[in-house]
Amino acid sequence: MDGVVTQYVDWKFAKSTGARLVPPGPDVSEDEAAEAVAEIRELAAAAVAPVAATSRLTAPGDAPAPLVVDRPTWIGVNADSMAALLQPALERVASRRDKEPSAAAQAIGSKVTAVEAGGMLAFLSTKVLGQYDIAPDGTPALLLVAPNIVATERELGVTPRDFRLWVCLHEETHRVQFTAVPWLREHLIGQARDLAGELAPDMESLRSRLEQVTARLPKVLSGEGQGLPDLVITPEQREQMARVTAVMSLLEGHADVVMDDVGPEHVPSVATIRERFTRRRKGAGAADRMLRRLLGLEAKMRQYRDGADFVRGVQEQVGVDGFNAVWTSPETLPTPLEITDPTTWVRRVHG
């Protein structure tokens, strides 16, 4: 099974490539780094109780504790998760081939795609403050990327302890979502794998996909669509992607709402942090914005906004407990239409 995956991407090489390409973190002494890691770990623990009280969701006692990591570790974890997530899709591609490529072609091709994957992961590893890794074939865990948290708090000019706790509140909400809602992780893995399988092209469709890239690239570069995936998907696949995006919008928006609701009591400078962080999400220079668009990060920003509006809209009508009906089953998750129209979800779920 692993052999099928490495025919297309040499994930070990992708990890080493990403680790070589990733820029160093902020300039800190060993003592400063150790103090930052210790405080982030302490604040991650401190975030548990207020997030549980505000969200009215509680992680089970055996849920893995958050991990404070560096950029290369984040790259390694995500390479493993990507490999596991894409495995069924790559097996599907392999089953469609008329003949096996030569060993030399496989080796060269897997290295080329590994360099591309490693470069993408290196770039993303400088942007992510925290992430709940759903680990399709492993142990899920919350990752807090210490160098990025320190670099961002310096860039924003905010109080380090306040910012670190604020980030931990958001990421703890993700940990609660996936551990207090037992079916959510497997549901999302299944949805993502189905989508990856649908997006994997066969030789018959490859030419038309390339024509789509030429036609749609200007639209993606202008900031519309979902980034690179939007270049090659069919209308049916776009609908499937919209369903996955609606769930991601819910998760990100819910985490933003919880972190801001907890904030005033526990994070004195939360208003300043939110204002400056929102500005930062728009990207810095032209090159950064271009990469964000191609990688779909502009669409990611819309997920935060749409999801938060959905959560607020539902809670205004039926309260936090009424909103928490969203976690009942896959059928109570918002549809692509409902994520931008909370009243429609409330009518469907609450009558």
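Residues numbered from 1 in each chain as written. Predicted model: local features only at pLDDT ≥ 70, side-chain atom pairs only at ≥ 80, totals over all residues. Heavy atoms only, no water.

Orientation of helix 3 (residues 30-46) relative to helix 8 (residues 160-180), taken along the N-to-C sense of each, is 50°, at an axis distance of 9 Å. Taken together, the axes of helix 3 and helix 8 are oblique relative to one another. Of the two elements, helix 3 crosses helix 8, and the hand of that crossing is right-handed. Contact residues: helix 3 offers Ala 36, Glu 39, Ile 40, Glu 42, Leu 43 and Ala 44, while helix 8 offers Arg 161, Arg 164, Leu 165 and Cys 168. Residue composition of the contact of helix 3 with helix 8, grouped by class: 6 nonpolar, no polar and 4 charged. (Axes fitted to C-alpha atoms, helices over the stretch in contact; angles between N-to-C directions. Helix = DSSP H or I, 4+ residues; strand = E, 2+ residues; numbered from the N terminus. Parallel < 35°, antiparallel > 145°, perpendicular 65-115°, else oblique. Left-handed = near helix turned anticlockwise from the far one by under 90°. Contact = heavy atoms within 4.5 Å. Nonpolar A, V, L, I, M, F, W, Y, C, P; charged D, E, K, R; others polar.)

On to the packing of helix 4 (residues 48-55) against helix 11 (residues 235-266). Packing of helix 4 against helix 11 leaves a shortest axis separation of 10 Å and a crossing angle of 115°. Crossing of helix 4 against helix 11: the hand is right-handed. On helix 11, the residues that touch Pro 50, Val 51, Thr 54 and Ser 55 of helix 4 are His 254, Val 258, Asp 261, Val 262 and His 266. The class makeup of the residues in the contact of helix 4 with helix 11 is 4 nonpolar, 4 polar and 1 charged.

This part takes up the side chain of Asn 148. Its location among the elements puts Asn 148 in helix 7 (residues 146-156). Of note is the side chain of Asn 148, whose polar atom sits 2.7 Å from the backbone oxygen of Val 128. (Polar contact = N/O pair within 3.5 Å; in protein donor to acceptor, adjacent residues only side chain to side chain.)

Next up on the list: the packing of aromatic side chains. Remark: the centre distance and the inter-plane angle together describe each pair of aromatic rings, the angle taken between the planes. With the rule as written, the count across this model stands at 6 aromatic pairs. Centroid distance Phe 323 to Trp 327: 6.1 Å. Interplanar angle 90°. Geometry classified as edge-to-face. In this structure Trp 327 comes out as buried when scored by relative accessible area, which is 6%. Each member of the aromatic cluster is reached from another via a ring pair, and the members are Phe 163, Trp 166 and Phe 277. (Phe/Tyr/Trp six-rings, centres within 6.5 Å; stacked < 30°, edge-to-face > 60°. Buried < 20%, exposed > 50% of the residue type's maximum accessible area, 1.4 Å probe, protein only.)

Glancing now at the sheet that holds strand 2 (residues 130-133). Spatially, 1-3-2 is the arrangement adopted by the 3 strands of the open sheet, whose pairing is mixed. Single-partner strands in this sheet number two, and they are strand 1 (67-69) and strand 2. Pairwise comparison of adjacent strand axes, ignoring direction, gives a mean angle of 30° for this sheet. Pairing between strand 2 and strand 3 (residues 141-145): 4 bridges, direction antiparallel. Residue pairing across strands places Tyr 132 opposite Leu 142, the latter belonging to strand 3. Running over the sheet, helix 7 touches strand 1 and strand 3 and is turned about 45° from strand 3. (Pairing = 2+ DSSP bridges.)

This part covers the pattern of salt bridges. Within this structure, the stated rule accounts for 15 salt bridges. Note that Glu 42 is salt-bridged to Arg 161, the shortest N-O span being 2.9 Å. Of this pair, Glu 42 sits in helix 3 while Arg 161 sits in helix 8; the two residues are 119 residues apart in sequence, bridging distant segments of the chain. Judged by relative accessible area, Arg 161 falls into the partly exposed class, the value being 38%. Measuring nitrogen to oxygen at the nearest pair gives 2.8 Å for the salt bridge that ties Glu 172 to Arg 175. Of this pair, Glu 172 and Arg 175 both sit in helix 8, 3 residues apart, which is roughly one turn of the helix. Judged by its relative accessible area of 1%, Glu 172 falls in the buried class. Bridged by salt links that share partners, the residues Glu 39, Glu 42, Glu 153, Arg 161 and Arg 164 form one connected network. (Salt bridge = Lys/Arg side-chain N within 4 Å of Asp/Glu carboxyl O.)

This paragraph deals with a negative patch on the surface. On the surface, Asp 27, Glu 30, Asp 31, Glu 32 and Glu 35 cluster together to form a negatively charged patch. With respect to the secondary-structure elements, Glu 30 resides in helix 3. (Patch = residues over 30% accessible without salt bridge, like charges linked within 9 Å, V, L, I, M, F, W, Y side chains within 5 Å. Areas by Shrake-Rupley, 256 points an atom, 1.4 Å probe, with all protein chains shown as cover. Lys, Arg positive; Asp, Glu negative; His and termini not counted. Charge placed at Lys NZ, Arg CZ, Asp CG, Glu CD.)

Attention now goes to the nonpolar core. Counting 55 residues, the largest nonpolar core has Phe 163, Trp 166, Leu 169, Leu 250, Phe 310, Phe 323 and Trp 327 as its most contacted members. Excluding residues that lie within four positions of it along the chain, Trp 166 makes contacts with Met 259, Asp 260, Val 267, Val 270, Ile 273, Arg 274 and Phe 277. Counting 20 residues, the second largest nonpolar core, distinct from the first, contains Val 9, Val 22, Leu 124 and Val 145. (Core = buried A, V, L, I, M, F, W, Y, C linked by side-chain atoms within 4.5 Å.)

With respect to burial, strand 3 is a largely interior element, 5 of its 5 residues being buried. Both faces of strand 3 are covered, namely the face carrying Ala 141, Leu 143 and Val 145 and the face carrying Leu 142 and Leu 144.

Although it is not a glycine, Arg 56 adopts a positive phi angle of roughly 60°. By the element assignment, Arg 56 lies in the loop between helix 4 and strand 1.

Within an α-helix, residues lying three or four positions from one another point in the same direction, as the helix has 3.6 residues per turn. For helix 15 (residues 342-350), the full list of buried residues reads Pro 342, Thr 344, Trp 345 and Val 346. Immediately downstream of helix 15, the backbone of Gly 351 shows phi near 80°, a positive value.

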